[in-house]
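So the chains spell out like this:
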Amino acid sequence: MDCLFCKIIAGEIPSKKVYEDEKILAFHDINPAAPVHFLIVPKIHIDSLDNINDGDNADYACYILKKIPELAASQNIAGGYRVITNIGEDGGQTVKHLHFHVLGGKKLDIKLG
Ligand code: 5GP
Ligand code: ZN
């Protein structure tokens, strides 16, 4: 499958790593929208949150959500941050591998949609 984030997970494309374990990888966004902006991806290919169901893949999404406070603290943004996941074309998803954006490091604008 020709997936950019699968290639980053496989190490075929380099990334600036924030955290890695057997289930997930977190790395800095190449085009940061805030002073701290990293992405968290599951190490299995899931298209988006729209593909989460009752099977194994829901566990990956939950695992990522539970890890976010620890990873935010590791980047010194524990005082406040934003988590975003874009879904599909209209949701602004450009890479079709589930990922959670974590943004912080300044007072973020309130702009949704
Ligand atoms: P989306 O628009 O799909 O929610 O977010 C995709 C994100 O991936 C964008 O914020 C974009 O800057 C980031 N991105 C795209 N290509 C690369 C890459 O090769 N390396 C890294 N680290 N980030 C990337
Ligand atoms: Zn993928």
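Residues numbered from 1 in each chain as written. Chains lettered and ligands numbered in written order. Predicted model: local features only at pLDDT ≥ 70, side-chain atom pairs only at ≥ 80, totals over all residues. Heavy atoms only, no water.

Focus: the overall build of the chain
Next, step 1: Helix and strand counts for the chain come out as two helices and five strands.
Next, step 2: Put simply, the chain runs from its N terminus to its C terminus through helices and strands in the order α-β-β-β-α-β-β.
Next, step 3: Here the C-alpha radius of gyration of the chain, 14 Å, is about what a compact globule of 113 residues would show, namely 13 Å.
Next, step 4: Out of the 113 residues in the chain, the part that is buried amounts to 40%.
Next, step 5: Across the chain, the fraction of contacts at a sequence separation of at least 24, relative to all contacts at a separation of at least 6, is 54%.
Next, step 6: Put simply, the chain shows about 6,800 Å² of open surface, and 51% of that area lies on carbon and sulfur atoms.
Next, step 7: Averaged over its 12 positive side-chain charges, the chain has a centre that lies 9 Å from the centre of its 15 negative ones. (Helix = DSSP H or I, 4+ residues; strand = E, 2+ residues; numbered from the N terminus. Rg over C-alpha atoms; globule rule 2.2 N^0.38 Å. Buried < 20%, exposed > 50% of the residue type's maximum accessible area, 1.4 Å probe, protein only. Contact = heavy atoms within 4.5 Å. Areas by Shrake-Rupley, 256 points an atom, 1.4 Å probe, with all protein chains shown as cover. Lys, Arg positive; Asp, Glu negative; His and termini not counted. Charge placed at Lys NZ, Arg CZ, Asp CG, Glu CD.)

Describing the coordination of the zinc ion (ligand 2)
Next, step 1: Protein-derived ligands of the zinc ion (ligand 2) are Cys3 (SG), Cys6 (SG), His45 (ND1) and His97 (ND1), with the metal-ligand distances lying across 2.1 to 2.3 Å.
Next, step 2: Taken together, the four donor atoms surrounding the zinc ion (ligand 2) define angles of 104 to 116° at the centre, an arrangement classified as tetrahedral.
Next, step 3: Read from N- to C-terminus, the donor residues coordinating the zinc ion (ligand 2) fall into the pattern C-x2-C-x38-H-x51-H. Of the two residues, Cys3 is situated in the segment before α1 (4-9) and His97 in the loop between β4 (81-84) and β5 (100-104); the sequence distance between them amounts to 94 residues.
Next, step 4: A residue is classified by how much of its surface remains accessible, and Cys3, at 5% relative accessible area, is buried. (Donors = N, O, S within 2.8 Å, 3.2 Å for Na, K, Ca; no water. Tetrahedral: all angles 85-135°; square planar, octahedral: opposite > 155°, others 65-115°.)

Section: the environment of His37
Next, step 1: Tracing the backbone shows His37 in strand β3 (residues 36-42).
Next, step 2: Exposure remark for His37: the relative accessible area of 6% places this residue in the buried category.
Next, step 3: Note: C-alpha distance between His37 and Val18 (19 residues apart in sequence) is 10 Å.
Next, step 4: Setting aside anything within four residues of it in sequence, one finds His37 in contact with His28, Asp29, Asn31, Pro32, His101, Val102 and Leu103.
Next, step 5: Here Ala33 takes part through its backbone nitrogen, which lies 2.9 Å from a polar atom of the side chain of His37.
Next, step 6: A distance of 2.9 Å separates a polar atom in the side chain of His37 from a polar atom in the side chain of His101. (Polar contact = N/O pair within 3.5 Å; in protein donor to acceptor, adjacent residues only side chain to side chain.)

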